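Here is what each chain is made of, one letter per residue.
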Amino acid sequence: MFNPILFRHRLHKYPELSGFEKKTSDVIIQTLTSFGLAPVSGVGGYGVVVRFDSVDDGPHLLFRADIDALPIHENPSHEHGSTVRGVMHACGHDGHSASLMALAYKLSLTKLQRGSVTLIFQPSEENGRGAQGMMKDSSWQTTPFDYAFGYHNVPGYPLGQILCRDNTFACASTGVAIRFVGKTAHAAYPETAINPTSAIRELMQDIEALPYAISQGFTLTTIVHVSLGKPAFGTTPETGKLLATLRSDSNKSFSALCEQVKKLAHFYAERDGLDLQIEWFDQFSATINHSEANMLLRQACKDLKFDFVNLEAPIRWSEDFSEYSKVWPSAFFGLGSGSEHPPLHDPHYDFPDALIDVSSKIFEQIIRDMNGLK
């Protein structure tokens, strides 16, 4: 008898960072194999895929969970705390994986009446590369999908409450690192230097003001780090570096925001005679829900008599499930982790085990409604 809670605790004890999920992948493969299934491994890195087919035509559904952990040191108050120093499942991907594994176990004991169902255990969600890697890998997509589904737990909402939203569920975001390089001079003769100070100072102010200039949708810019020169009183700065995160609930506004930051950086570099380097990190598109897929999700929640609410505004964090929603009609939803639960990416965070049953039942009900189970 499969116990999804013990499965989650096992993943939680041995977390792995994005791109290094080999042992996690091995555990997933071994568990699926023990159900009598034949998973495909090594998809887009350490991704694992398992498919269930019927003999009759019908809908092709996709369900996804993420498997990677974060570089955060855990302060556990439970026995299944992380055994890897400086790494923990602080975002609940162990719980998401357990939900999908519980669904896999249920499907291994039943038969689809029509169509097919594919479950994917995806690596590297935290850095935004996992979904893209799986989408580029042709070893598992034998048919296009009619609908795709996924979820994320959300602390701050009642335990088990389903959080729905039409259109944008989670924002687009990226990190940007801007580096100006000039020339030092003696601090007594600053006029002979090529100094990045003014460019850094003015660019910071401009980036923080950009959301007010973009009228469509929600946009946010956050300065996260600034460095300038070296701690030497006799020398002017040679380099200046600014790191910021940019986000928006609209892919169009997000593109405009990124383009404006790039233009401003080039303007100040040219004005002040500075060399310029721009790097982009952790790039995520907005996760857009499709009306038909959302309708199927809501119907499943209604069938199960689960409590669900429509969010007034998108979630501000990002999700690389957005790569699937670009291609297939999708519904991504939130699941309340508790009103007083520690937030995501907190060293005291631990995925609530009760959500495994709630989420797996929602997925199963969608399959019952669309494909039929016997």
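None of these values were measured; they are calculated from a predicted model. (Residues numbered from 1 in each chain as written. Predicted model: local features only at pLDDT ≥ 70, side-chain atom pairs only at ≥ 80, totals over all residues. Heavy atoms only, no water.)

Chemist: Got a sec to walk through the environment of Arg368? Specific residues and values, please.
Modeler: Along the polypeptide, Arg368 turns up in helix H9 (residues 354-370). Judged by relative accessible area, which is 33%, Arg368 ranks as partly exposed. Sequence separation of Arg368 and Leu112 is 256 residues, and the distance between their C-alpha atoms is 8.5 Å. Ignoring any residue separated from it by four or fewer positions in sequence, one finds Arg368 in contact with Lys106 and Leu373. (Helix = DSSP H or I, 4+ residues; strand = E, 2+ residues; numbered from the N terminus. Buried < 20%, exposed > 50% of the residue type's maximum accessible area, 1.4 Å probe, protein only. Contact = heavy atoms within 4.5 Å.)

Chemist: Can you break down the packing of helix H7 (residues 291-304) against H9 residue by residue, with the values?
Modeler: Two numbers describe how H7 lies on H9: the axes approach to 9 Å, and their chain directions differ by 105°. Judged on the interaxial angle alone, H9 and H7 are roughly perpendicular. Packed against H7, whose contacting residues are Leu296, Leu297, Gln299, Ala300, Cys301, Asp303 and Leu304, the element H9 presents Lys361, Ile362, Gln365, Ile366, Asp369 and Met370 at the interface. Of the residues belonging to the contact of H7 with H9, the class tally is eight nonpolar, two polar and three charged. (Axes fitted to C-alpha atoms, helices over the stretch in contact; angles between N-to-C directions. Parallel < 35°, antiparallel > 145°, perpendicular 65-115°, else oblique. Nonpolar A, V, L, I, M, F, W, Y, C, P; charged D, E, K, R; others polar.)

Chemist: Break down the packing of aromatic side chains for me, citing the residues and quoting the values.
Modeler: Applying the stated criterion to the full structure yields 17 aromatic pairs. Taking 5.5 Å as the distance between ring centres and 70° as the angle between the ring planes, the aromatic pair formed by Phe321 and Tyr324 counts as edge-to-face. Looking at Phe321, the relative accessible area reads 0%, which means it is buried. Centre to centre, the rings of Phe333 and Phe363 are 6.1 Å apart; their planes meet at 75°, and the pair counts as edge-to-face. (Phe/Tyr/Trp six-rings, centres within 6.5 Å; stacked < 30°, edge-to-face > 60°.)

Chemist: Give me the lowdown on the sheet that holds strand E3 (residues 60-66), citing residues and values where you can.
Modeler: Pairing is mixed across the open sheet formed by eight strands, whose spatial order is E1-E2-E4-E3-E5-E14-E6-E13. Looking along the sheet, the strands with just one partner apiece sit at the ends: strand E1 (40-43) and strand E13 (308-310). The sheet shows a mean angle of 25° between the axes of neighbouring strands, taken without regard to direction. Where E1 meets strand E2 (residues 47-53), two bridges bridge the pair, whose relative direction is antiparallel. Each residue of the ladder has a partner; that of Val43, found in E2, is Gly47. (Pairing = 2+ DSSP bridges.)

Chemist: An account of the pairing of strand E5 (residues 147-154) is needed here, citing residue identities and associated values.
Modeler: Of all eight residues in E5, eight are buried; the element is thus mostly enclosed. Covered by surrounding structure in E5 are Tyr147, Phe149, Tyr151 and Asn153 together with Ala148, Gly150, His152 and Val154, the residues of both alternating faces. For E3 and E5, the ladder comprises three bridges, and the chain directions are parallel. Bridge pairing in E5 places Phe63 opposite Phe149. Here E5 runs beside strand E14 (residues 330-336); their pairing, made up of seven bridges, is parallel. Counted as the bridge partner of Asn153 is Leu335 from E14.

Chemist: Any chance you could break down the state of the cysteines for me, citing the residues and the numbers?
Modeler: According to the stated counting rule, one finds zero disulfides in the structure shown. Sulfur of Cys171: no disulfide; nearest cysteine sulfur belongs to Cys258 and is 13 Å away. (Disulfide = S-S within 2.5 Å.)

Chemist: Talk me through unusual backbone geometry; I want residue IDs and the actual numbers.
Modeler: Phi at Asn167 takes a positive value of approximately 60°, unusual for a residue other than glycine. The backbone of Lys305 shows a phi angle near 60°, a positive value even though the residue is not glycine. In this fold, Lys305 is placed in the loop between H7 and E13.

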